[in-house]
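# Per-entry structural report
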Amino acid sequence: MVQNQYHQPVMANEVVDLMRPVSPRLMVDATYGGGGHTRALLKAFPELEIVAIDQDPDAIAQGPAAATVRLVQANFASIDQIATEICGEVAADGSPTSCIDGFLFDIGVSSHQLDEPERGFSYRRRGPIDMRMDRDAELGADTIVNEWPVDDIADILWRYGEERLARRIARAIVAARPILDTAQLAETVADAVPAAVRRRKHPAKKVFQAIRIAVNNELGSLELGLEAAIRWTRPGGRVLVISYHSLEDRIVKRRFAAGTSGCECPPDFPVCNCGRVADLRLPVRKPIRPSEAEIAANPRARSALLRVVEKVGS
Ligand SMILES: C[S@@+](CC[C@H](N)C(=O)[O-])C[C@H]1O[C@@H](n2cnc3c(N)ncnc32)[C@H](O)[C@@H]1O
């Protein structure tokens, strides 16, 4: 396997195999990153055109992976606008209807973002406390760490990091202000937790994850992006999502389950009156995980889960 310095794509073969029954001609790669999945898809489907989205200018600056790739620097929460334009171009009369054969979301951060100290994503490297994927965004991690009230910090550590010591760590962060860089933040967190916790794994891991999710509104964007992707997928097309932690996977699993079950009335209603019909089916019921060989070659793949749904209807 050729190693990509920017980012090694996760479960690229599995992604390609899940798209084979669709024979896609037009796809959206909602998280272009290093373009690894885009390249794998183009190799498997030579006729394919891809609209590739990323909110990080570093990803876009690498340039398109091929002439049939159109790059868009945007948050995938705005898929509605992007797809309206694409499907309007495809429709002969300019009136857009769902026209996309497949969407791929490979969410979270790229290796490039984690490995570049000045992006501030890593608790292992000294850098500014930033963590913005979109460098034009107003909220950076520094504001949260050095300005937010203790209750708000504790709240995000609890909600987005599932950190049991959220309040204790939040108090330590506020007491240590000003916190000047990621190394000082990681040390502050490590000093705030009991030694037994420190020995298990780096205590700053969940804290950095929580702050990053808040800075980039990751879960809110996922909900919006997923909803829009399902709307713009043509019948028979597929939406694929690779997630890396339970908070992300829960959103995907619930949305897919709602789309496959149809009626959402309470179980004691004698007849359905919500009028909702199933618009999705699960071609593969269980989430797909990377092979042991892939995890050995790319340890960052370890926590990945790949889910897929197919749009039904005519
Ligand atoms: C795990 S990487 C994707 C790697 C890519 N699949 C590859 O093979 O190289 C995630 C990428 O998605 C981007 N991203 C994450 N959330 C986003 C969002 N809401 N909108 C647009 N891009 C997003 C990040 O900037 C990052 O470059």
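Since we're looking at a predicted model, the values are computed, not measured.

## Here we look at the domain arrangement of the protein chain
Taken domain by domain, the protein chain holds domain 1 (12–112 + 218–311) and domain 2 (138–215). Distance from the C-alpha centre of domain 1 to the C-alpha centre of domain 2: 31 Å. With 9 residues of domain 1 in contact, the opposing surface of domain 2 contributes 6 residues. Summed over both sides, the interface of domain 1 with domain 2 buries roughly 610 Å², with 50% coming from carbon and sulfur. The largest share of the area that domain 1 buries against domain 2 comes from Glu218, His245 and Leu247, three residues that together contribute 65% of it.

## Quick word on the packing of helix α9 (residues 182–192) against helix α11 (residues 204–215)
Axis separation between α9 and α11 bottoms out at 9 Å; the angle between their running directions is 125°. Accordingly, the angle class assigned to the pair α9 and α11 is oblique. The way α9 lies across α11 gives a crossing that is right-handed. Every residue of α11 that contacts α9 at Thr182, Leu185, Ala186 and Val189 is listed here: Ala204, Val207, Phe208 and Ile211.

## What about the state of the cysteines?
Considering all chains together, one arrives at 1 disulfide under this definition. Each disulfide pairs two cysteine sulfurs, and for Cys87 the partner residue is Cys99, the sulfurs being separated by 2.1 Å. Residues Cys87 and Cys99 share a disulfide whose torsion about the S-S bond is about -80°; that sign makes it left-handed. Of the two residues, Cys87 is situated in helix α4 (residues 79–90) and Cys99 in the loop between α4 and β4 (100–106); the sequence distance between them amounts to 12 residues. Here the two residues Cys87 and Cys99 agree in accessibility, since each one is buried. The thiol of Cys274 is not disulfide-bonded; the next cysteine sulfur, from Cys272, is found 3.8 Å away.

## Here we look at the site of the ligand
With respect to spatial proximity, 24 residues lie near the ligand, and among them Gly34, His37, Asp54, Phe76 and Asp106 are the closest. The separation between a nitrogen atom of the ligand and a polar side-chain atom of His37 is 2.8 Å. Within the side chain of Asn75, one N or O atom sits 3.0 Å away from a nitrogen atom of the ligand. Within the shell around the ligand, the residues separate by chemical class into 8 nonpolar, 13 polar and 3 charged.

## Observations regarding the sheet that holds β4
Whether parallel or antiparallel, the strands of a sheet pair through hydrogen bonds between backbone atoms. Strand order in the open sheet formed by 7 strands is β3-β2-β1-β4-β5-β7-β6, and the pairing between neighbours is mixed. Only two strands of the sheet have a single partner each, and these edge strands are β3 (69–73) and β6 (280–281). The strands touched by helix α12 (residues 218–232) are β4, β5 (233–243), β6 and β7 (305–311); relative to β5, the strand with the most contacts, the crossing angle is about 155°. Of the strands in this sheet, β5, β6 and β7 are in contact with helix α13 (residues 246–261), which crosses β7 at around 25°.

## A few points about helix α8 (residues 166–175)
Since the α-helix turns once every 3.6 residues, residues separated by three or four places project in the same direction. Regarding α8, the residues found buried are Ala166, Ile169, Ala170 and Ile173. Projection of α8 onto a plane perpendicular to its axis shows the buried side chains occupying an angular sector of 100°, all on one side. Tucked into the core, α8 has its buried residues touching α6 (141–147), α7 (150–161), α9 and α11.

Quick notes on the rules
- Residues numbered from 1 in each chain as written.
- Predicted model: local features only at pLDDT ≥ 70, side-chain atom pairs only at ≥ 80, totals over all residues.
- Heavy atoms only, no water.
- Domains from an automatic or database assignment.
- Contact = heavy atoms within 4.5 Å.
- Buried area = accessible area lost by both parts, 1.4 Å probe.
- Axes fitted to C-alpha atoms, helices over the stretch in contact; angles between N-to-C directions.
- Helix = DSSP H or I, 4+ residues; strand = E, 2+ residues; numbered from the N terminus.
- Parallel < 35°, antiparallel > 145°, perpendicular 65-115°, else oblique.
- Left-handed = near helix turned anticlockwise from the far one by under 90°.
- Disulfide = S-S within 2.5 Å.
- Buried < 20%, exposed > 50% of the residue type's maximum accessible area, 1.4 Å probe, protein only.
- Near = heavy atom within 4 Å.
- Polar contact = N/O pair within 3.5 Å; in protein donor to acceptor, adjacent residues only side chain to side chain.
- Nonpolar A, V, L, I, M, F, W, Y, C, P; charged D, E, K, R; others polar.
- Pairing = 2+ DSSP bridges.
- Arc of directions from axis to C-beta.

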